[in-house]
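Breakdown of the fold
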Amino acid sequence: MTEGEKQQLGERLATVRERLVDAARAAGRRPEEIRLVAVSKLHPVEAVQAAFALGQRAFGENYVQEALAKQEAFPELAAQGGEWHCIGHVQTNKAKDVAGRFALIHTVDSVKFAETLARRLAPGANRQAVLVQVNIGDEAQKAGVPESDLPRLVESILNLPRLELRGLMCLPPFFDDGEAARPFFARLRVLRDETAARFGMTLPELSMGMSGDFVQAVREGATIVRIGSDIFGPRPARTTA
Ligand SMILES: *Cc1c(COP(=O)(O)O)cnc(C)c1O
């Protein structure tokens, strides 16, 4: 990265942080209640290093091989208080590659994946924090558990002591206007509240909101926002590895 690119990254990150603080205040919430996950997928590890140097601590990755390569190239991140978040769909046969390697896996969406993940955690290791991804717009092309299957999946996860269920995540249908995503965020919050009540537990996290709609997600109760392009700029195209 050139110095100019690093400076631009610093400006983008500062702007996102300001907008996040403003969104929290506008929603009558404390800014500290909302964690910013910088989505670095398809950007080089140098971009992660530069953002880390600017104080950003949590990074989200979608593709397992790419994420593991970055972890290997930048071990200082985890050693110095940083966190990797898995935010992409993971095939069950890759559960072994993500188990224990991410501070939070946002994308548990089937009983089979949850059970495989739990089995792949090293004995005696810390519990793996997870979120359940809900297919909130009921879109055929999107990952996530259908609403109707959520209770069954939650029940299965609660029977897996190596997993620690922290909350729900969603990726609503895409709209040009972030305001249009708001009912989907509100719905995820209702599902979270219903699930917590049904199982008599607290589910503190709601992972929702991206570059185009994080302000609306914060209004509806997001505790984690996942922001990529507003921080790192446009993404290079994916070349399948
Ligand atoms: C890519 C991605 C993001 C970030 O999207 P931007 O629009 O670049 O902010 C957030 N969440 C998930 C699940 C993603 O795949």
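Overview of the structure. (Residues numbered from 1 in each chain as written. Predicted model: local features only at pLDDT ≥ 70, side-chain atom pairs only at ≥ 80, totals over all residues. Heavy atoms only, no water.)

1. Observations regarding the overall build of the protein chain
This is how it is decided: Think of it this way: any DSSP run of H or I at least four residues long counts as a helix, any run of E at least two long counts as a strand, and we number them from the N terminus. The globule rule used here is 2.2 Å times the number of residues to the 0.38 power, and the radius of gyration it is set against is calculated over C-alpha atoms. By definition in these notes, contact holds between two residues if any of their heavy atoms fall within 4.5 Å. All accessible-area figures derive from a Shrake-Rupley calculation using a 1.4 Å probe, and residue coverage is judged against the displayed protein chains alone. Residues counted as positive are Lys and Arg, residues counted as negative are Asp and Glu, and His and the chain ends are not counted. Charged groups are reduced to one reference atom each: NZ for lysine, CZ for arginine, CG for aspartic acid, CD for glutamic acid.
Across its full length, the protein chain holds 10 helices and eight strands. Here the protein chain has a C-alpha radius of gyration of 17 Å; the compact-globule value for 241 residues is 18 Å, and the two agree. In terms of principal-axis extent, the alpha carbons of the protein chain reach across some 50 × 40 × 30 Å. Long-range contacts, defined as pairs at least 24 residues apart, comprise 63% of the intrachain contacts of the protein chain with a sequence gap of at least 6. For the protein chain, the accessible area works out to roughly 11600 Å², and carbon and sulfur atoms hold 48% of it. Of the side-chain charges in the protein chain, 31 are positive and 31 negative, and the distance between the mean point of each set is 4 Å.

2. A look at the site of the ligand
What counts here: If a single non-hydrogen atom of a residue is within 4 Å of a molecule or strand, that residue counts as near it. Pairing of N or O atoms within 3.5 Å defines a polar contact, subject to two protein rules: one partner must be a possible hydrogen donor and the other a possible acceptor, and residues neighboring in sequence count only if both atoms are side-chain atoms. Under the scheme applied here, ten amino acids are nonpolar (Ala, Val, Leu, Ile, Met, Phe, Trp, Tyr, Cys and Pro), four are charged (Asp, Glu, Lys and Arg), and all others, including Gly, are polar.
Of all residues adjacent to the ligand, which total 13 residues, the nearest are Lys41, Asn62, Ser211, Gly228 and Ser229. With respect to the ligand, the side chain of arginine 226 contributes an N or O atom lying 2.8 Å from a nitrogen atom. Between the ligand and serine 229, the relevant distance is 2.8 Å, taken from an oxygen atom to a side-chain nitrogen or oxygen of the residue. Here the ligand has 390 Å² of accessible area as a free molecule, and 91% of this is covered by the chains. Broken down by class, the residue content of the shell around the ligand amounts to six nonpolar, four polar and three charged.

3. So, the environment of arginine 127
Note the threshold: In this scheme, a residue with accessible area under 20% of its type's maximum is buried, one over 50% is exposed, and one in between is partly exposed, where area comes from a 1.4 Å probe on protein chains only.
For arginine 127, the location among the structural elements is in the loop between helix H6 (111-120) and strand S5 (128-134). The partly exposed category is assigned to arginine 127, whose relative accessible area is 49%. Along the backbone, arginine 127 and glycine 100 are 27 residues apart, and their C-alpha atoms lie at a distance of 8.2 Å. What arginine 127 contacts, discounting residues up to four positions off in sequence, is Pro161, Arg162, Leu163 and Glu164. Within the structure, the side chain of arginine 127 is placed 3.0 Å from the backbone oxygen of proline 161, a separation counted as a polar contact. Looking at arginine 127, its side chain comes within polar contact range of the main-chain oxygen of leucine 163, at 3.1 Å.

4. As for unusual backbone geometry
Trans peptide bonds make up the majority, and among non-glycine residues the majority have a negative phi. The phi dihedral of leucine 42 is positive, around 70°, even though this residue is not glycine. Mapped onto the secondary structure, leucine 42 falls in the loop between strand S1 (35-39) and helix H2 (45-53). In the Ramachandran plot, aspartate 138 falls in the positive-phi region, its phi being about 50° despite a non-glycine side chain. With respect to the helices, strands and loops of the structure, aspartate 138 is situated in the loop between S5 and helix H7 (150-158). Owing to a relative accessible area of 63%, aspartate 138 belongs among the exposed residues under this scheme.

5. Notes on the pattern of salt bridges
To keep things clear, this is the line we draw: For this analysis, a salt bridge means a side-chain nitrogen from Lys or Arg found within 4 Å of a carboxyl oxygen belonging to Asp or Glu.
Inspection of the entire model under this criterion finds 16 salt bridges. For aspartate 230, the salt bridge identified is with arginine 19, shortest N-O distance 3.0 Å. With a gap of 211 residues between them, aspartate 230 in helix H10 (residues 229-232) and arginine 19 in helix H1 (residues 3-26) connect regions that are remote in the sequence. Classification of aspartate 230 as partly exposed rests on a relative accessible area of 25%. Taking relative accessible area as the criterion, arginine 19 reaches 33% and is therefore assigned partly exposed. Its salt-bridge partner being glutamate 164, residue arginine 166 comes within 3.5 Å of it at the nearest N-O pair. With relative accessibility at 26%, the residue glutamate 164 sits in the partly exposed group. Through salt bridges with shared partners, a single ionic network connects Arg35, Glu83, Glu164, Arg166 and Glu205.

6. Topic: the packing of aromatic side chains
What counts here: Two aromatic rings, drawn from Phe, Tyr or Trp (for Trp, its six-membered ring), form a pair once their centres lie within 6.5 Å of each other, and the interplanar angle then sorts them: stacked below 30 degrees, edge-to-face above 60, tilted otherwise. Working rule: Lys NZ or Arg CZ, within 6 Å of ring centre, within 35 degrees of ring normal, means a charge sits over the ring.
Within this structure, the stated rule accounts for three aromatic pairs. Judged by centre distance (5.5 Å) and plane angle (90°), the ring pair of phenylalanine 52 and phenylalanine 74 falls under edge-to-face. Residue phenylalanine 52 is found in helix H2, and its partner phenylalanine 74 is found in the loop between helix H3 (64-73) and helix H4 (76-79); the two are separated by 22 residues along the sequence. Of the two residues, phenylalanine 52 and phenylalanine 74, both sit in the buried class. On the basis of an interplanar angle of 50° and a centroid distance of 6.2 Å, the ring pair of phenylalanine 59 and tryptophan 84 is categorised as tilted. Of this pair, phenylalanine 59 sits in strand S2 (residues 58-61) while tryptophan 84 sits in strand S3 (residues 83-86); the two residues are 25 residues apart in sequence, bridging distant segments of the chain. Tryptophan 84 matches phenylalanine 59 in its accessibility class, with the two residues each being buried. A cation sits over an aromatic face here: arginine 57 above phenylalanine 52, 3.8 Å from the ring centre. When the ring centre of tyrosine 63 is taken as origin, the NZ or CZ atom of arginine 238, which lies over that ring, is 3.7 Å away.

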